[in-house]
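Chain and residue survey
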Amino acid sequence: MSKAKRQLRNAVLGVCLAAAMSAGCTRNEIERNTLRAPAYPLVTIDPFTSAWSMDDKLFESPVKHWTGAEFPLIGVLKVDGEVYRFLGKEEIEYTRVVPMAAEGGWTGEYTFTRPQGKWYEEGYKAAGWKKGPGAFGTKNYLSSGTVWDTEDIWVRREFDIEENLEGKKVFLSYSNDDIAVIYVNGTEILNTGANCHTAARLELPAGLLRRGRNLIAATCKDTGGLAYLDFGITKQVDSKPVLEKTAVQNYADVQATSTIYGFTCGPVDLELTFTAPLLLEDLDLVSRPVNYISYSAKANDGRKHDVEIYFEASPKWSINTPGQPTESEIIEKDGMTYLKAGSKSQAILSHSGDDDRIDWGYFYLCTPEGNTGIGTGADLREAFVSGEAFTGKAGADLAGRMAIARRVNLGKEDHILIGYDDICSIQYFGENLRPYWNRNADKSIFDMFNEAEADYKALSARCRKFDREMFAEAKAAGGQKYAELCALAYRQAIHAHKLVQSPDGDILWLSKENNSNGSIGTVDVTYPSAPLFLRYNPELAKGLMNHIYYYTESGRWTKPFPAHDVGTYPLANGQTYGGDMPVEEAGNMLILTAAVCKYEGSADYARKHWETLTAWTDYLRSFGLDPENQLCTDDFAGHFAHNTNLSVKAILGIASYGYLANLLRKPEIAAEYTQAAREMAQKWVEMADDGDHYRLTFDKPGTWSQKYNLVWDRLLGLNIFDKNVAEKETAWYLTSQNEYGLPLDNRETYTKTDWIIWTATLASDRASFEALVAPVWKFMDETVDRVPMSDWVFTDKPNYRGFKARSVVGGYYIKLLENK
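Treat the numbers as computed from the prediction; the structure is a model and nothing was measured. (Residues numbered from 1 in each chain as written. Predicted model: local features only at pLDDT ≥ 70, side-chain atom pairs only at ≥ 80, totals over all residues. Heavy atoms only, no water.)

Comments concerning the nonpolar core
The nonpolar side chains of a soluble globular protein tend to be buried with one another. Keep this limit in mind: In these notes, a set of buried Ala, Val, Leu, Ile, Met, Phe, Trp, Tyr and Cys residues joined through side-chain atoms within 4.5 Å is what counts as a nonpolar core. For every residue, the accessible area obtained with a 1.4 Å probe (protein chains only) is divided by the maximum for its type, and the residue is called buried under 20%, exposed over 50%, and partly exposed between those limits. A helix here means a DSSP run of H or I that spans at least four residues, while a strand means a run of E at least two residues long, and both kinds are numbered starting from the N terminus. The criterion used for residue contact is that any of the two residues' heavy atoms lie within 4.5 Å.
Counting 208 residues, the largest nonpolar core has Trp 712 and Tyr 812 as the members making the most contacts within it. When residues of this core are assigned to their parent elements, the largest contribution, 13 residues, is made by helix H4 (residues 445-478). The residues touching Trp 712, leaving out its near neighbours within four places in the chain, are Tyr 527, Leu 534, Ile 591, Leu 592, Ala 595, Leu 652, Gly 717, Leu 718, Trp 758, Ile 814 and Leu 817. Counting residues in each nonpolar core, the second largest holds 36 residues, with Ile 182, Val 184, Cys 220 and Leu 229 among its members.

So this is what it looks like as structure tokens:
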């Protein structure tokens, strides 16, 4: 950035800072969130660079990626020579003995035909077996290895161990998808059942491995979808913790853009803030891959103290599996110090999946000043504790940990920066796309850090202002508990996406379907998450749909309804989901297109895609009223026919088309399709009526379900259904709740929390809305499952059923659309 441009931008940001301060947006004036989060968001850049604290106290366990993989990040405050750990934990480290595929590769014998005899024992003659490199898996799962595209595989891997492992803790490391049984030297030591794992570890019995020749044998069954098998041996590194004393945590407060902690470290109080400046009106800012870790300390005894702060991170932030080889270095540039780590392989966009992390590009810690070093965790910590300077400037693997130590001026706020350069973010129909911030190939990651450093004060003020205003708006709309849920949902929903620009210049705001199947750009994930983006920037709501329109209008997708997805994250080369959701996805696209045009105040988006919208609407007119046996967005509940809630979506999809035709001044078309929707709604009432509520399916009296799709009838002003439908359903829901919420329907006790908020928004009075939302808040506050907020939970016990860290919690913001 030129000096003139920097001066101009700083002047503009200075005005923003002054305005924010004059608005009274100091941190102390932001209402504290009392919700005990299931997990606390710390660093939220995208689905790959995602770090969470999954405990009540920030120092009780290692920082983790949303998948559960460790993303080690440690913070320590030294006060007058006494050390207090306030962030993260000294995790156990492991080193490879026998590498997995990403750790150095291996070769094994394999067969797709069931072998005779004891194929898993030493000395077995594997006649007719082939030889090939590990790992083994489906083509879209592998970055290296042998393609496995049958139902079953059997693998034998012989290897030599040179070192003496006596007295060491030794582990089998393994990845499996789906059902795997693994033997070591003829002994069965693991049967995974239906549980899939990535780089998991299982301690082996002492003496099972020996010096010299050994054997691991395994079989794996693919039950559908992706398939994968890999294994190796690791050992635990001997180390002694040096940071055992912890601070006293006083509070943890989740706001929309920040998570704030307060600690007491002896005679000094510390406030620590993690900020992701995800202000949605600014796409360049949303795309900037840099977060802040801010801190301020003050004496609580009125005396002067010698205070230093220490931050340490691991190269694990830059690899997919723990043993992958890494390199770390220190770079001095433009007055900033960068600690950089990345994999040695740098295989850009080489794999996709759900339980999957990035292993290309580079992770950075950045500081404008301070003592920095690279080395083993033990060496760096001991140097800080003893007051010695760090000496290492580069390192590899376990010796590649990165540390920053800085003096702390009491009463003054300061910060470090943390970020990631993924180089290329998405593969889009065969073309690798750079991140949005570098869409023109004219920026570097150092530009991003320089901008973030220059913007720090102004952005901090803007974020505090937004946090305060969002919380106040949500509280006014739906009460304290609703506002607290919205604050927790904000960063989770946003960072489950990646922002890029298509080759045609369209914005692509591509979701990852976290913890369900890893799909990219899933339409029925877009649908529930959209309210957040409709509220704050409809351009991003378009970005949730542009790839689906392109997929159809390019001729790549030829069915008369929209695709489910465009691939498996981050490879968007075409649908990979195993089935279609015809009525679901057609209704979703029509309703959300109408919502974009309403909240944007323009019908241009519909005009651009009118031919496609017409085809989808005509499909719904033919097949939407009484849907055939098919999946809907709640696909975990399985296929079923005559789904009344799905029918509501189809009817409102048709009505949305009529609404758009009216905006586009096509009165005859508007009248025809609006009337068709009204006639279908009248039939729906007759077919679904079950006395004091409406049925789950048209053909089954005595059933019920949440009719969350009805919410768009009022939000879009369609007025297709009589208002008594929503009133009767709401009254039923209020009598059908369990301790932790309203079940999705009568079949199970589980629910979807995003749909509960939509269902609550059907209520015509504030008290009913709050009564339906309160159990969701109670679940999040009391759940024993410490994972980033789940949207699929039980209503009769504090456990999640599945799903975590998903973007669909953006749907919590639907209540805020009422007054937009």
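Considering the sheet that holds strand E13 (residues 187-191)
Adjacent strands of a sheet form backbone hydrogen bonds with each other and so pair up, either parallel or antiparallel. Worth spelling out the cut-off: Two strands pair under a simple rule: DSSP has to find at least two bridges between them. Throughout, an axis means a line fitted to C-alpha atoms (over the contacting stretch in the case of helices), and angles, computed between N-to-C directions, take values from 0 to 180 degrees.
The strand order across the open sheet formed by 6 strands is E7-E6-E10-E15-E12-E13, and the pairing between neighbours is antiparallel. Because the sheet does not close on itself, it has two edges, and the strands there are strand E7 (130-134) and E13. When the angles between neighbouring strand axes are averaged without regard to direction, this sheet yields 30°. As paired elements, strand E12 (residues 179-184) and E13 share 4 bridges and run antiparallel to each other. For Val 181, the partnering residue across the bridge sits in E13 and is Asn 191.

Things to note about the packing of aromatic side chains
To be explicit about the condition: Two rings from Phe, Tyr or Trp (for Trp, the six-membered ring) form a pair when their centres sit within 6.5 Å of each other. Planes less than 30 degrees apart are called stacked, planes more than 60 degrees apart edge-to-face, and all others tilted. Lysine NZ or arginine CZ positioned within 6 Å of the ring centre and within 35 degrees of the ring normal marks a charge as sitting over the ring.
If you walk through the whole model with that rule in mind, you get 58 aromatic pairs. On the basis of an interplanar angle of 15° and a centroid distance of 6.0 Å, the ring pair of Tyr 261 and Phe 263 is categorised as stacked. An identical accessibility class is assigned to Tyr 261 and Phe 263; each is buried. With a centroid separation of 5.4 Å and an interplanar angle of 25°, the aromatic rings of Tyr 549 and Trp 616 are classed as stacked. Here Tyr 549 is found in helix H8 (residues 546-553), whereas its partner Trp 616 is found in helix H11 (residues 610-623), with 67 residues between them in sequence. The two residues Tyr 549 and Trp 616 agree in class, both being buried. Through a chain of ring-to-ring contacts, three or more aromatic side chains come together here, namely Tyr 428, Phe 429, Tyr 550, Tyr 551, Trp 557, Phe 561, Tyr 619 and Phe 623. The ring of Tyr 251 has Arg 32 sitting right over it, with the charged end atom 3.9 Å from the ring centre.

Examining the confidence of the model for the chain
Definition in use: The pLDDT value expresses, per residue, how confident the predictor is, ranging between 0 and 100.
Here the chain shows a mean pLDDT of 94. Residues at 70 or above account for 96%. A low-confidence stretch, residues 1-26 stays under pLDDT 50, and its non-local contacts, those more than four residues away or across chains, total 32 contacts.

Focus: the pairing of strand E21 (residues 307-313)
In terms of burial, E21 is largely enclosed, as 7 of its 7 residues are buried. The alternating pattern of E21 places Val 307, Ile 309, Phe 311 and Ala 313 on one face and Glu 308, Tyr 310 and Glu 312 on the opposite face, and all of these are buried. Taken together, the 7 bridges between strand E3 (residues 73-79) and E21 define a ladder with antiparallel strand orientation. Of the residues in E21, the one forming a bridge with Val 76 is Tyr 310. The pairing of E21 with strand E27 (residues 401-407) spans 6 bridges and is antiparallel. Bridge pairing in E27 places Tyr 310 opposite Ala 405.

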